[in-house]
Amino acid sequence: CRGRALLSRVRGAPRALRGLAAGPEMHFGFQSVTEEERREKIYQVFESVAKKYDVMNDSMTLGIHRVWKDILVHKMNPCPGTLLLDVAGGTGDIAFRFINYVRSVREQQLQRKLKRHQNLSWQEIFENYQEDKCNSLGDSQVVVCDINREMLKVGKQKAQQLGYSEGLSWVLGNAEELPFDDDKFDVYTIAFGIRNVTRIDLALQEAYRVLKPGGRFLCLEFSHVNNPLLSRLYDLYSFQVIPVLGEVIAGDWKSYQYLVESIRQFPPQEELKAMIEDAGFFKVDYENLNFGIVAIHSGFKL
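Residues numbered from 1 in each chain as written. Predicted model: local features only at pLDDT ≥ 70, side-chain atom pairs only at ≥ 80, totals over all residues. Heavy atoms only, no water.

Turning to unusual backbone geometry, a few remarks are in order. One non-glycine residue, L62, adopts positive backbone phi at about 55 degrees. Its identity as a non-glycine residue notwithstanding, N290 has a phi of 50 degrees, on the positive side.

Structure representation (structure tokens):
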């Protein structure tokens, strides 16, 4: 019911690929393209890789992306009642972790509640347990917003297969002009998506707009390795191995060549931190994981 109420406030369909004006040239990997061309090319990349996206993530990172996403959700530390917007989260990885985390917190709360009432009858314990079990998320809600229909389609299929339905909504939308009203969400997450946004500054402004005062911004993204030796090995692996994996597993060399190049073109940690601060966020910091292969940036809307 809360999900329906939330979605009823969505302001029409997202403009998605209509986006903004073509504007000046920018990078698509190591190529120079206009804003409009970049937006269309990135859409085509993720339309192409959607069905093999999860398998490729496991192959490229040797499964470590799962640990990085777990760390992101633990850093978020959502409590029951949290309203989360997960942007560019089409395949549902962050959303499913969020639901699992909140369910675990609710279960712990229920157990502590029952332990405090040792004098309850078996019938009262049963009724309390059933009541809380029926509301295992404590009114929490996660909205997955992605610009790519194919990615959302894969995510919905995964949710159905894994049994996720409660507290979960899927919305087609552009990170640069989100189809939600101001001050709606407690937390905004974007995992491995912000480097594929055409205008990062606009996406950050939109994140700030849709968060409630006191809301938190969390970004998990590939970043810049701070160890020279590891950086050289990482480059060798990225450019020589990942495109080959893309061809073998997904039948798509070019898309994974772009994804590797997009990581190298992405702003380093301090530069992204400054951009987040420019969007209005306070108490902005970041945590490097695996020597900066990825970083989690965090900020608050005050």
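Structure's up, so let's keep going.
Spanning 14 residues, helix α7 (residues 149-162) covers 20 Å between terminal C-alpha atoms, matching the ideal 20 Å at 1.5 Å per step. Regarding α7, the residues found buried are M151, L152, V154, G155, K158 and A159. End-on view of α7: buried residues confined to an arc of 160 degrees, all on one side of the axis. In α7, the exposed positions that point more than 90 degrees away from the buried face belong to R149, Q160 and Q161. Count one or two residues on from α7 and you reach G163, which has phi positive near 85 degrees. (Helix = DSSP H or I, 4+ residues; strand = E, 2+ residues; numbered from the N terminus. Expected span 1.5 Å × (residues − 1). Buried < 20%, exposed > 50% of the residue type's maximum accessible area, 1.4 Å probe, protein only. Arc of directions from axis to C-beta.)

Right, let's talk about the layout of surface pockets for a bit. Approximately 460 Å³ is the volume attributed to the largest pocket. In this structure, the largest pocket is lined by 26 residues; those nearest its centre are M60, T61, W68, F222 and Y234. For the lining of the largest pocket, the leading source of residues is helix α9 (residues 228-240), giving five residues. Of the residues that constitute the lining of the largest pocket, the class distribution is 18 nonpolar, six polar and two charged. (1 Å grid on protein atoms, 1.4 Å probe; cavity = no way out; pocket = protein on both sides within 12 Å on 5 of 7 lines; lining within 4 Å. Points joined across faces, edges and corners; volume = space filled by probe spheres on them. Nonpolar A, V, L, I, M, F, W, Y, C, P; charged D, E, K, R; others polar.)

On the secondary structure map, E221 appears in strand β7 (residues 211-222). When its relative accessible area of 1% is taken as the criterion, E221 is described as buried. A distance of 2.6 Å separates the side chain of E221 from the side chain of R195, its partner in a polar contact. Beyond its immediate stretch of four places on either side in the chain, E221 contacts F192, G193, I194, R195, F266, I293, V294 and A295. (Polar contact = N/O pair within 3.5 Å; in protein donor to acceptor, adjacent residues only side chain to side chain. Contact = heavy atoms within 4.5 Å.)

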